[in-house]
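A structural walkthrough
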Amino acid sequence: MTQHPGKPAGLSDPHELDLFEFARSGRQAAGVVRVSQLPRMLNEVPAEAPERDTAFTWQTEGATQPELQDDGTEGPQPYLRLAIHGAAWLECQRCMTPYSQAFNVDATYRIVNTEAEAEEFPLDEDEVEVIVGSRQFDLIDLIEEELLLSLPLVPKHEVCPEVHESLVSGVAGAEGEGDEAALDEAGEGDEPERPNPFAALESLKRGEPGDKKH
Ligand SMILES: [Zn+2]
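Every chain begins its residue count from 1, and numbering advances along the sequence as written. Only residues with pLDDT of at least 70 are given local features in this predicted model, and only at 80 or more are side-chain atom pairs given and counted; all residues enter the totals for whole chains, interfaces and linings. Based on all heavy atoms of the structure, the side-chain values leave hydrogens and waters out of the count.

1. As for the coordination of the zinc ion
- The zinc ion binds to the protein through C92 (SG), C95 (SG), H157 (ND1) and C160 (SG); the donor distances cover 2.0 to 2.3 Å.
- What the 4 donor atoms of the zinc ion show is an angle range of 102 to 120° at the metal, which sorts the shape as tetrahedral.
- Sequence positions of the donors to the zinc ion reduce to the motif C-x2-C-x61-H-x2-C. Residue C95 is located in the loop between β3 (74-91) and β4 (98-112), and its partner H157 is located in the loop between α4 (139-149) and α5 (164-169); the two are separated by 62 residues in the primary sequence.
- The buried label applies to any residue whose accessible area, calculated with a 1.4 Å probe on protein chains only, is under 20% of its type's maximum; exposed applies above 50%, and partly exposed to all values in between. By relative accessible area, C95 is classed as partly exposed at 26%. Metal sites are built from N, O and S donor atoms within 2.8 Å, or 3.2 Å for Na, K and Ca, and they leave out water, so they may look incomplete. The geometry test gives tetrahedral to four donors whose angles all lie between 85 and 135 degrees, gives square planar to four donors and octahedral to six donors whose opposite members are over 155 degrees apart with all other angles between 65 and 115, and gives irregular to the rest. Put simply, DSSP H or I for four residues or longer makes a helix, DSSP E for two residues or longer makes a strand, and each gets a number counted from the N terminus.

Quick look at the structure:
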């Protein structure tokens with residue numbers, strides 16, 4: 001075993017991840033996915049966008065947490081945490097021009113074995129989603145799913161540019177406002193109080209360089 005904690009490697013194939021093994025051994029991985037690899041996201045990007053093929057960085061970490069099973073004993077329940085950051089160009093529904101929308105996803109999933117088990121799972125546990133695990137789990141598909149769920153109901157500029165000149169002179173801040181809105185939405189649910197099995201991911205995220213401007 002020559003794993004280096006804090007230096008998550010890319011996955012050999014993020015489309016075929018053994019999710020159970022990943023969680024059980026508490027592995028971490030990180031990578032970059034481009035909009036061109038996400039056909040359903042690409043559909044949302046207007047043809048006249050300045051850049052259609054923007055990139056998202058993602059980090060993921062597996063963990064287990066002892067939980068009471070149906071038979072009354074405690075067993076390790078697999079979990080996955082996934083964070084995604086980046087931006088994509090969408091069409092503003094107010095002025096019908098493209099704008100850059102920031103995406104900041106931080107999701108925790110309880111991994112179950114079957115669809116039936118997923119449906120049974122009580123939804124009272126806020127902040128935790130349920131996914132059906134697999135030995136060939138498509139992580140990129142999950143990333144695309146999360147991005148689609150994070151799409152604004154009505155995509156629009158914070159403030160629409162009125163005239164072309166304002167685009168040229170008022171560039172500063174325009175992008176930051178989008179970030180703020182996205183953060184508000186993501187920050188509403190506070191972190192759960194129970195011990196966080198994903199402390200390593202937290203430090204990983206802190207170590208990451210800030211949003212890169214293109
Ligand atoms: Zn607009």
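2. Description of the sheet that holds β3
- The criterion for strand pairing is that DSSP finds at least two bridges linking the strands in question. Taking strand neighbours across the sheet as the criterion, the 5 strands line up as β1-β2-β3-β4-β5 in an open arrangement whose pairing is mixed. For this open sheet the edge positions go to β1 (28-34) and β5 (128-132), each flanked by a neighbour on one side alone. Across the sheet, the mean angle separating the axes of adjacent strands is 35° when strand polarity is ignored.
- Relative to β5, β4 runs parallel, the two being bridged by 5 bridges. Following the sheet pairing, Y109 is matched in β5 by E129. Axes here refer to lines fitted to C-alpha atoms; in helices the fit is confined to the stretch in contact. Angles between the N-to-C directions go from 0 to 180 degrees.

3. Some details on the nonpolar core
- Side-chain atoms within 4.5 Å link the members of a nonpolar core, which is a set of buried Ala, Val, Leu, Ile, Met, Phe, Trp, Tyr and Cys residues. Ranked by internal contacts, the top residues of the largest apolar core, which has 38 residues, are M41, F56, W58, L80 and I143.
- Listing elements by their share of this core, those giving two or more residues are α1 (19-24), β1, β2 (55-68), β3, β4 and α4.
- For this analysis, residues touch if any pair of their heavy atoms sits within 4.5 Å. The contact partners of I143, leaving out residues within four places of it in the chain, are V33, W58, L82 and I84.

4. A short note on the pattern of salt bridges
- Any carboxyl oxygen of Asp or Glu that lies within 4 Å of a side-chain nitrogen of Lys or Arg is treated as forming a salt bridge with it. All told, the structure shown has 8 salt bridges when counted by the stated rule.
- For the salt bridge of E67 with R110, the shortest nitrogen-to-oxygen distance reads 2.8 Å. Pair noted here: E67 is in strand β2 and R110 is in strand β4, with a separation of 43 residues, a long-range link. Neither residue differs from the other here; E67 and R110 are each classed as buried.
- One network of salt bridges, with partners in common, ties together R40, D141, E144 and E145.

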